[in-house]
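Spelled out, the chains give:
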Amino acid sequence: MGDNVREREPLATEPATGFERYAVTLIVVSGDVPGDEHGILRPRWVIGSGEGADAVFDDPTMVAAHAAVEFHRGGFRLVALAPAEAPVGCNGQSVTQQELRHGDRIAVGNHVLQILIEKPDAAPIYRIDG
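First, a word on scope: everything that follows refers to the structure included in this document. Chains are numbered independently. Their residues run from 1 in the order of the written sequence. In view of the model being predicted, local features appear only for residues whose pLDDT reaches at least 70, and side-chain atom pairs are presented and counted only at 80 or more, with totals across whole chains, interfaces and linings using the full set of residues. Computation of side-chain values: all heavy atoms of the structure, hydrogens and water removed.

Examining unusual backbone geometry
The phi dihedral of Arg73 is positive, around 55 degrees, even though this residue is not glycine. Every helix listed is a DSSP run of H or I at least four residues long, and every strand listed is a run of E at least two residues long, numbered separately from the N terminus. Structurally, Arg73 is set in the loop between strand 6 (67-72) and strand 7 (75-80). Exposure remark for Arg73: the relative accessible area of 80% places this residue in the exposed category. Positive phi values are uncommon outside glycine, yet Asn91 reaches one of about 55 degrees. With respect to the element layout, Asn91 can be found in the loop between strand 8 (88-90) and strand 9 (93-95). For every residue, the accessible area (1.4 Å probe, protein chains only) is compared with the maximum for its type, and the residue is labelled buried under 20%, exposed over 50%, or partly exposed between those bounds. Of the residues examined, Asn91 reaches a relative accessible area of 45% and is grouped as partly exposed.

Take a look at the structure:
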């Protein structure tokens, strides 16, 4: 992990809600530390520049709690936490809230992050040619 990013340890008391069936990762595509990966360890994961965020970036264009990735109704969504002062984008569009899919790109401050959403216990998909 790069020198400009810190992650907070998850709290042992946070409830499991189906979230534990997923492996979710944010990968820094552009910004201070391209290539860094951030595993999302709880149902609400805050991205920002403040000590209270789960993924903390040294980015003067981010606010302390800029955006959150939340597990909601069996899926994931992106939520802008301070949309008036801290815009958030998803796949090139400005959003205040957006359902997320595997591979979506999230713009926060001067960073672009890509979300990888995997459900390891899902049945494999087979293609039969012929």
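Here we look at the side chain of Arg42
Tracing the sequence through the fold places Arg42 in the loop between strand 3 (37-39) and strand 4 (44-48). By relative accessible area, Arg42 is classed as buried at 3%. Residues adjacent in sequence count toward polar contacts only when both atoms are side-chain atoms; beyond that, a polar contact is any pair of N or O atoms within 3.5 Å, and within protein one must be able to donate a hydrogen and the other to accept it. One polar contact links Arg42 to Asp54, side chain to side chain, over a distance of 2.5 Å.

Focus on the pattern of salt bridges
When a carboxyl oxygen of Asp or Glu lies within 4 Å of a side-chain nitrogen of Lys or Arg, that pair is called a salt bridge. Evaluation of the coordinates by the stated rule reveals 3 salt bridges. Note that Asp54 and Arg42 form a salt bridge whose closest N and O atoms lie 2.5 Å from each other. Here Arg42 lies in the loop between strand 3 and strand 4 and Asp54 lies in the loop between strand 4 and strand 5 (55-57), a separation of 12 residues in the sequence. Neither residue differs from the other here; Asp54 and Arg42 are each classed as buried. One salt bridge in this structure joins Arg77 and Glu70, with 2.9 Å as the shortest N-O distance.

Remarks on the sheet that holds strand 2 (residues 23-30)
In space, the 6 strands of this open sheet follow the order 3-2-12-11-8-9, with antiparallel pairing throughout. Each edge of the open sheet carries a strand with a single partner, namely strand 3 and strand 9. Ignoring strand direction, the axes of neighbouring strands in this sheet form an average angle of 30 degrees. Any two strands between which DSSP finds at least two bridges are classified as paired. The pairing of strand 2 with strand 3 spans 3 bridges and is antiparallel. Across the sheet, Ile27 pairs through a bridge with Glu37, a residue of strand 3. Where helices are involved, their axes are fitted lines through C-alpha atoms of the stretch in contact, as for all axes, and angles between N-to-C directions lie from 0 to 180°.

Some details on the packing of aromatic side chains
Between rings of Phe, Tyr and Trp, where Trp is taken as its six-membered ring, a pair exists when centres lie within 6.5 Å; planes separated by under 30 degrees are stacked, by over 60 edge-to-face, and by other angles tilted. Tallying each qualifying case throughout the model produces 5 aromatic pairs. Look at Phe19 and Phe71: their rings are 6.0 Å apart centre to centre, the planes differ by 70 degrees, and that puts the pair in the edge-to-face class. Note that Phe19 is positioned in the loop between strand 1 (5-7) and strand 2 and Phe71 in strand 6, a separation of 52 residues in sequence. Accessibility classification places Phe19 together with Phe71 in one group, the buried group. Consider the rings of Phe19 and Phe76, whose centres lie 6.1 Å apart with planes at 65 degrees: the pair is edge-to-face. In this pair, Phe19 sits in the loop between strand 1 and strand 2 while Phe76 sits in strand 7, placing the two residues 57 residues apart along the sequence. Of the two residues, Phe19 and Phe76, both sit in the buried class. One aromatic cluster in this structure is built from Phe19, Tyr22, Phe71 and Phe76.

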